[in-house]
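Fold and geometry: a report
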Amino acid sequence: MKRQFAVIGLGRFGGSVCCALIEQGVEVLAIDQCEAKVNQYRDVVTHAVVADSTDEQALRHLGIRNFEHVIVAIGDNIQASILTTLILDELGVEHITVKAQNDYHEKVLVKIGAERIVHPERDMGARIAHHLMSKNVLDYLEVSDKYSIIEMFAGSKMHAKTLVELNVRAAFGCNVMAIKRGAEMIVSPKADQLIEQDDLLIVLGADEDIKRFEQMFDDTK
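As the structure is a computational prediction, the values presented were derived from the model and not from experiment. (Residues numbered from 1 in each chain as written. Predicted model: local features only at pLDDT ≥ 70, side-chain atom pairs only at ≥ 80, totals over all residues. Heavy atoms only, no water.)

Some remarks on the overall build of the protein chain
Here is the rule: Secondary structure elements follow DSSP: runs of H or I of four or more residues count as helices, runs of E of two or more count as strands, with numbering from the N terminus. Think of it in three bands: with a 1.4 Å probe and only protein chains considered, a residue is buried below 20% of the maximum accessible area for its type, exposed above 50%, and partly exposed in between. Contact criterion: two residues are considered in contact whenever any of their non-hydrogen atoms come within 4.5 Å of each other. The protein chains shown are the only cover counted for residues, whose accessible areas, like all others here, come from Shrake-Rupley with a 1.4 Å probe. In this tally, Asp and Glu contribute negative charge and Lys and Arg positive charge; neither His nor the terminal groups of the chain are included. Every charge is mapped onto a representative atom, which is NZ of Lys, CZ of Arg, CG of Asp or CD of Glu.
Along the protein chain, the regular secondary structure elements total nine helices and 13 strands. C-alpha atoms of the protein chain, sized along the principal axes, occupy 65 × 35 × 30 Å. For the protein chain, buried positions account for 42% of its 221 residues. Considering only contacts in the protein chain between residues 6 or more positions apart, those separated by 24 or more positions represent 53%. For the protein chain, the computed accessible surface area is about 12500 Å², with 51% contributed by carbon and sulfur atoms. Each charge class in the protein chain can be summarised by its mean position, and for the 24 positive and 34 negative side chains these summaries are 3 Å apart.

Shown next, in the form of structure tokens:
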């Protein structure tokens, strides 16, 4: 039996989540109050329905509690987002992810049962900023308030040096979790692993440590 997800709110974020989930081979129920948006995704997802997510009976009728994970992607209506999250929690939905508009919205969502909070615009802004600040940084992912993962190309300053010589862990408090070299993926590289220019390093560390690591090995500086 395929895993089942529900996405409530079919704006740009909700729609992209639907498409990404379908690509992963899971079943997706898409819900929105706007019939035009529902029709837009009717041929994309497993099921698409017009419904008011702040109506508890409507969600019960859809069997929402049977879904493994529900993503609340409601746009600007914070009240509807909060009420929907509250209803989902009371109905016993096990995993709830909610798009937050701001930090105050996030605080409320945490208190009423949201398992995971996402800030798509803020997160994307941070990723773009890291890319703009260093040509070596390909991608950036915040994993908690204090820790992040970056994908960073090895420049000339790293070329022909081992992880020990680069002193990544001792000097910067960062961990190189994997190295991608062409089609090859080196997972949990050893300390004597030699780095080549244009290797893609996947690095985990505290935000301040990541920043120091980026600055030290940035070829533009």
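Structure's up, so let's keep going.
Things to note about the pattern of salt bridges
Note the cut-off: Any carboxyl oxygen of Asp or Glu that lies within 4 Å of a side-chain nitrogen of Lys or Arg is treated as forming a salt bridge with it.
Taken as a whole and judged by the stated rule, the model has five salt bridges. For the salt bridge of E196 with R181, the shortest nitrogen-to-oxygen distance reads 3.7 Å. Residue E196 is found in the loop between strand 12 (194-195) and strand 13 (200-206), and its partner R181 is found in strand 10 (residues 175-181); the two are separated by 15 residues along the sequence. Taking the relative accessible area as the measure of exposure, E196 reaches 36% and is therefore partly exposed.

What to know about a nonpolar patch on the surface
Put simply, the rule reads: Like-charged residues within 9 Å of one another, or nonpolar side chains (Val, Leu, Ile, Met, Phe, Trp, Tyr) within 5 Å, are grouped into patches, provided each residue has over 30% relative accessible area and no salt bridge.
Taken together, the side chains of L141, V143 and Y147 make up a nonpolar region of the molecular surface, amounting to roughly 280 Å² of accessible area. Note that V143 resides in the loop between strand 7 (137-142) and strand 8 (147-153). The class for V143 is partly exposed, based on a relative accessible area of 43%.

Focus: the side chain of S81
With respect to the element layout, S81 can be found in helix 4 (residues 78-90). Given the relative accessible area of 1%, S81 is considered buried.

Some words on the environment of A6
With respect to the helices and strands, the residue A6 is situated in strand 1 (residues 4-8). Placed 36 residues apart in sequence, A6 and R42 show a C-alpha to C-alpha distance of 14 Å. Those residues in contact with A6, other than ones at most four positions away along the chain, are L29, I64, F67, H69, V70 and I71.

Regarding helix 4
Filter applied, for reference: For a helix, the expected span equals 1.5 Å multiplied by the number of residues minus one.
Under the 1.5 Å per step criterion, the end-to-end length of helix 4 is 18 Å for 13 residues, consistent within 8% with the ideal 18 Å. Check the buried side of helix 4 and you find it contacts strand 1, helix 3 (56-61), strand 4 (69-72), strand 5 (95-99) and helix 5 (103-111). Following helix 4 by one or two positions, G92 has its phi on the positive side, about 90 degrees.

Side note on the side chain of H69
Under the convention used in this document: By the criterion applied in these results, polar contacts are pairs of N or O atoms within 3.5 Å in which, for protein atoms, one can donate a hydrogen and the other can accept it, and in which residues neighboring in sequence qualify only through two side-chain atoms.
Inspection of the secondary structure assignment puts H69 in strand 4. Assessed through its relative accessible area of 17%, H69 is described here as buried. A distance of 2.7 Å separates the side chain of H69 from the side chain of T97, its partner in a polar contact.

Observations regarding the domain arrangement of the protein chain
The condition that has to hold: Domain segmentation is taken from an automatic or database assignment of domains.
Taken domain by domain, the protein chain comprises domain 1 (4-118) and domain 2 (123-217). Between domain 1 and domain 2, the C-alpha centre-to-centre distance is 34 Å.

Comments concerning the packing of helix 4 against helix 5
Short version of the rule: For every element, the axis is a line fit to its C-alpha atoms; helices are fit only across the contacting stretch, and the angle between N-to-C directions ranges from 0 to 180 degrees. By the definition adopted for this analysis, an angle is roughly parallel if under 35 degrees, roughly antiparallel if over 145, roughly perpendicular if from 65 to 115, and oblique otherwise. Less than a right angle of anticlockwise turn of the near helix away from the far helix marks a crossing as left-handed, whereas a clockwise turn marks it as right-handed. Side-chain classes follow a simple rule in which Ala, Val, Leu, Ile, Met, Phe, Trp, Tyr, Cys and Pro form the nonpolar group, Asp, Glu, Lys and Arg form the charged group, and the remainder, Gly included, forms the polar group.
Contact geometry for helix 4 and helix 5: axes closest at 9 Å, N-to-C directions at 15 degrees. Our classification of the angle between helix 4 and helix 5 gives roughly parallel. For helix 4 against helix 5, the interelement crossing comes out right-handed. Judged by residue contacts, I78, S81, I82 and T85 of helix 4 engage H105, V108 and L109 from helix 5. Among the residues making up the contact of helix 4 with helix 5, the classes are represented as four nonpolar, three polar and no charged.

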